[in-house]
Number of protein chains: 2
Amino acid sequence: MTKLNIGFIGLGNMGGPMAANLVKAGHTVTVFDLNQSVVSELTSQGAKAGVDAAQCATNADVLISMLPAGKHVKSLYLGNNDNNGLIEVLSKNTLVIDCSTIDAESARVVGNALDEQGIRFVDAPVSGGVAGATAGTLTFIVGGEQTAFEKANTVLADMGKNIFHAGDIGAGQVAKICNNMLLSILMAGTSEAIQMGINNGLDPKVLSDIMTASSGRNWTLELYNPCPDVMETAPASNNYKPGFMVDLMAKDLGLAMEAAQQSNSSTPMGSMAKNLYTMLQHQGAGSDDFSAIFKLFSK
Amino acid sequence: MTKLNIGFIGLGNMGGPMAANLVKAGHTVTVFDLNQSVVSELTSQGAKAGVDAAQCATNADVLISMLPAGKHVKSLYLGNNDNNGLIEVLSKNTLVIDCSTIDAESARVVGNALDEQGIRFVDAPVSGGVAGATAGTLTFIVGGEQTAFEKANTVLADMGKNIFHAGDIGAGQVAKICNNMLLSILMAGTSEAIQMGINNGLDPKVLSDIMTASSGRNWTLELYNPCPDVMETAPASNNYKPGFMVDLMAKDLGLAMEAAQQSNSSTPMGSMAKNLYTMLQHQGAGSDDFSAIFKLFSK
């Protein structure tokens with residue numbers, strides 16, 4: 001396997017362990033984050049510290065970014081009032097992989113601007129959480145041209161297990177929010193169906209088994225039952241300790257509602273789920289696992 | 001296998017082929033329906049014609065009913081102003097199996113009234129449609145005591161493939177509507193997620209594959225994709241020819257809303273799905289397959 005010079009910008013809960021896995025895979029990884037303590041942790045594991053983002057980008061075969069929101073990604077690459085963007089220093093030999101989960105429109109703006117300069121770009125949002133980032137078992141959903149996807153694939157494989165090609169630039173973000181909007185619908189719908197069964201005298205385990213073997217079958221019933229004590233390994237049976245936090249699902253549903261608005265899409269079920277997750281945040285459950293939506297329905 | 005005397009009341013689209021499969025299995029089947037032509041069709045296949053419902057019930061080891069709504073089941077067994085109910089003629093040796101899909105409350109009223117007379121009763125609503133009824137591959141979800149369930153099981157196995165025991169009398173109806181409410185949520189949610197992907201430039205087949213391999217996975221993505229030409233065998237690729245009709249899903253959602261009301265259950269996703277299926281009926285799509293809800297979202 002080819003060892004690469006990789007720049008990595010953004011060493012948060014996800015980015016930190018992702019960069020560490022690239023070091024373990026033998027790549028030369030130059031990292032940057034505004035928080036010096038996370039940089040120190042990575043250098044203790046064998047990464048090099050960049051003095052700034054531009055140093056990470058210069059001479060990199062691959063530059064990876066993992067940032068909170070679209071505005072951060074736009075200002076990193078395209079610049080703002082205070083800083084030049086990396087677009088000024090990036091070489092045409094560098095492949096840019098943005099792993100942030102952001103709005104599709106920002107991904108397209110950044111990706112197309114780089115593309116016009118001859119710099120290859122893919123958006124590659126992840127799922128799998130901190131546990132998946134640490135274990136190197138993340139799922140990446142990638143948007144970008146076929147050759148850029150193939151190059152990205154070889155690097156993403158050092159951090160993840162399932163890598164999908166969703167389409168052109170921005171398609172990774174779109175596919176991820178479509179999936180996560182649907183997941184929120186599955187979780188809310190499964191929760192209210194189980195609770196209605198309980199309210200009518202059914203055993204939630206028996207009802208869950210019947211629906212899993214019938215046309216109600218879905219990922220939450222199979223792997224992540226939201227009713228406490230139905231599935232021993234699920235967050236619901238561990239006081240809704242995450243897992244995947246309510247706050248993160250609410251963020252993804254916000255991105256879904258933006259995409260729906262921008263594309264004039266009708267999303268009644270997703271809108272309802274967004275409202276329910278916002279209610280759950282207001283009840284102080286933002287740090288609970290997203291299956292805690294079950295509590296909205298229980299008596 | 002024991003050959004039984006079976007009475008069968010209600011020979012509609014589902015009841016007709018179900019009774020025919022009992023004849024094929026070697027049982028002595030005495031049938032009744034207000035429509036003489038469906039009775040004739042069954043007698044041509046080897047059933048005996050009862051002169052009335054009471055004759056079907058008398059001396060039967062097992063009496064099966066398959067009727068449209070709770071009011072029909074209640075008047076059949078408990079009587080009304082014009083007729084005595086079968087409760088007057090049923091023997092304690094007869095097991096009553098009501099296969100109708102009705103409200104759980106009516107099932108409990110009838111079942112408990114029979115039970116007080118020492119007559120065993122199970123509610124056993126079916127899924128699988130006319131095709132499943134004809135092929136003998138129906139799913140039955142059964143409510144009733146364990147010994148009654150075991151006796152019913154031997155007969156239901158001649159008409160179906162999957163037989164679940166959901167709990168006490170009425171639990172079969174509850175579990176079925178919980179499942180079908182959840183199914184309607186899966187179908188509506190999957191439809192709007194795929195359409196939002198299309199509106200943002202994604203290929204519906206690629207997006208469906210990604211979500212099927214991710215946390216959006218559900219029965220509709222696996223077996224019944226609602227977007228035309230994604231899945232060759234799905235009704236969506238055959239002009240939404242049913243399958244399972246919009247009108248029947250709307251009926252089941254009406255039963256779900258009744259159960260939610262009676263049990264003071266909160267069902268925001270199911271309520272939204274009920275409203276969407278009612279809109280679809282108003283647009284003249286009542287006889288389409290229920291996956292036609294996709295059309296509400298398409299541009």
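Each chain carries its own residue numbering, running from 1 in the direction its sequence is written. The order in which chains are written sets their letters, starting at A; the order in which ligands are written sets their numbers, starting at 1. Local features in a predicted model are, by the rule used here, given only for residues with pLDDT of at least 70; side-chain atom pairs are given and counted only at 80 or more, and totals for whole chains, interfaces and linings are based on all residues. Hydrogens are left out, water is left out, and the side-chain values use all remaining heavy atoms of the structure.

Enquirer: Can you explain the packing of aromatic side chains? Please cite residues and give values.
Expert: When two rings of Phe, Tyr or Trp (its six-membered ring) have centres within 6.5 Å they constitute a pair, described as stacked for plane angles under 30 degrees, edge-to-face for angles over 60, and tilted for the intermediate range. Enumeration according to the criterion identifies 6 aromatic pairs over all chains in this entry. With 5.4 Å between their ring centres and 70° between their planes, Phe-244 of chain A and Phe-290 of chain A make a pair best called edge-to-face. Taken as a pair, Phe-244 of chain A in the loop between helix H10 (219–223) and helix H11 (246–262) and Phe-290 of chain A in the loop between helix H12 (268–282) and helix H13 (294–297) lie far apart in primary sequence, 46 residues in all. Three labels apply to residues, based on accessible area from a 1.4 Å probe with only protein chains included: buried if under 20% of the type maximum, exposed if over 50%, partly exposed otherwise in between. The exposure class of Phe-290 of chain A is buried, given its relative accessible area of 1%. Note on Trp-219 of chain B and Tyr-224 of chain B: the rings are 5.2 Å apart at their centroids and 25° apart in plane angle, and the pair reads as stacked. With respect to burial, Trp-219 of chain B and Tyr-224 of chain B carry one shared label: buried. Helix numbers and strand numbers start at the N terminus; a helix is a DSSP run of H or I with at least 4 residues, a strand a run of E with at least 2.

Enquirer: Can you explain the pattern of salt bridges? Please cite residues and give values.
Expert: Any Lys or Arg side-chain nitrogen located within 4 Å of an Asp or Glu carboxyl oxygen qualifies as a salt bridge. One pass over the full model with this rule turns up 8 salt bridges over all chains. Residue Arg-217 of chain A pairs with Glu-222 of chain B through a salt bridge whose shortest N-O separation is 3.1 Å. Here Arg-217 of chain A, found in the loop between helix H9 (204–212) and H10, pairs with Glu-222 of chain B, found in helix H10 (residues 219–223), and the two come from separate chains. By relative accessible area, Glu-222 of chain B is classed as partly exposed at 28%.

Enquirer: Hey, could you go over the relation of the copies chain B and chain A for me, with residue numbers and the actual values?
Expert: Superposing chain B onto chain A takes a rotation of 180° plus a shift of 0.0 Å along the axis, which leaves an RMSD of 0.0 Å. Accordingly, the operation relating the two chain copies is best matched by a two-fold axis. If distances are taken from each C-alpha of chain B to the rotation axis, the shortest is found for Asn-218 of chain B, at 1.9 Å. The contact criterion used is simple: two residues touch if any of their non-hydrogen atoms lie within 4.5 Å. In this assembly the copies share their binding face: 100% of the residues contributing to the interface of chain B also contribute to that of chain A. Here the copies are superposed with least squares, the fitted atoms being C-alpha atoms of residues at a pLDDT of at least 70 in both.

Enquirer: Account for the packing of helix H8 (residues 171–199) of chain A against H12 of chain A, naming residues and giving values.
Expert: Each pair of packed helices can be described by the angle between their axes along with the distance between the axes. Residues and elements named next belong to chain A. For every element, the axis is a line fit to its C-alpha atoms; helices are fit only across the contacting stretch, and the angle between N-to-C directions ranges from 0 to 180 degrees. One way to put it is that H8 packs onto H12 with a least axis distance of 9 Å and a crossing angle of 70°. The angle between the axes of H8 and H12 places the two elements in the roughly perpendicular class. On H12, the residues touching Met-181, Ser-184, Ile-185, Met-187 and Ala-188 of H8 are Met-269, Gly-270, Ala-273, Leu-276 and Tyr-277. Looking at the contact of H8 with H12 residue by residue, the class counts come to 8 nonpolar, 2 polar and no charged. Each angle gets one of four labels, with under 35 degrees taken as roughly parallel, over 145 as roughly antiparallel, 65 to 115 as roughly perpendicular, and the rest as oblique. Three residue categories are used. Nonpolar comprises Ala, Val, Leu, Ile, Met, Phe, Trp, Tyr, Cys and Pro, charged comprises Asp, Glu, Lys and Arg, and polar comprises the others, including Gly.

Enquirer: Can you tell me about the UniProt feature "domain: 6-phosphogluconate dehydrogenase NADP-binding" (unreviewed entry) in chain A, naming the residues and giving the values?
Expert: UniProt positions are given in the numbering used here, feature names are shortened, and annotations may be inferred rather than shown by experiment. Look at the UniProt record and you will see "domain: 6-phosphogluconate dehydrogenase NADP-binding" (unreviewed entry) annotated at residues 5–167 of chain A. Helix makes up 39% of residues 5–167 of chain A and strand 25%, and the two end C-alpha atoms of the span are 26 Å apart.

Enquirer: Run through the domain arrangement of chain A, naming residues and quoting values.
Expert: Residues and elements named next belong to chain A. How far each domain reaches was decided by an automatic or database domain assignment. Under the domain assignment used here, chain A contains domain 1 (5–169) and domain 2 (174–297). With centres defined by C-alpha atoms, the gap from domain 1 to domain 2 works out at 30 Å. With 11 residues of domain 1 in contact, the opposing surface of domain 2 contributes 8 residues. What gets called buried area is simply the loss in accessible area from a 1.4 Å probe that two parts show on being joined, summed for both. Buried area between domain 1 and domain 2, summed over both chains or domains, comes out near 770 Å², and the portion from carbon and sulfur atoms is 64%. Its largest share of buried area at the contact with domain 2, domain 1 owes to Thr-101, Asp-103 and Ile-141, together 48% of the area lost on that side. For the pair domain 1 and domain 2, the interface holds 0 salt bridges. Polar contact is the term for a pair of N or O atoms within 3.5 Å; when the atoms are in protein, one must be able to donate a hydrogen and the other to accept it, and sequence-neighboring residues count only if both atoms are side-chain atoms. At the junction of domain 1 with domain 2, the criterion picks out 4 residue pairs in polar contact (both at pLDDT 80 or more). It is helix H5 (residues 104–116) that contributes the most residues to the side of domain 1 that touches domain 2, 3 residues altogether.

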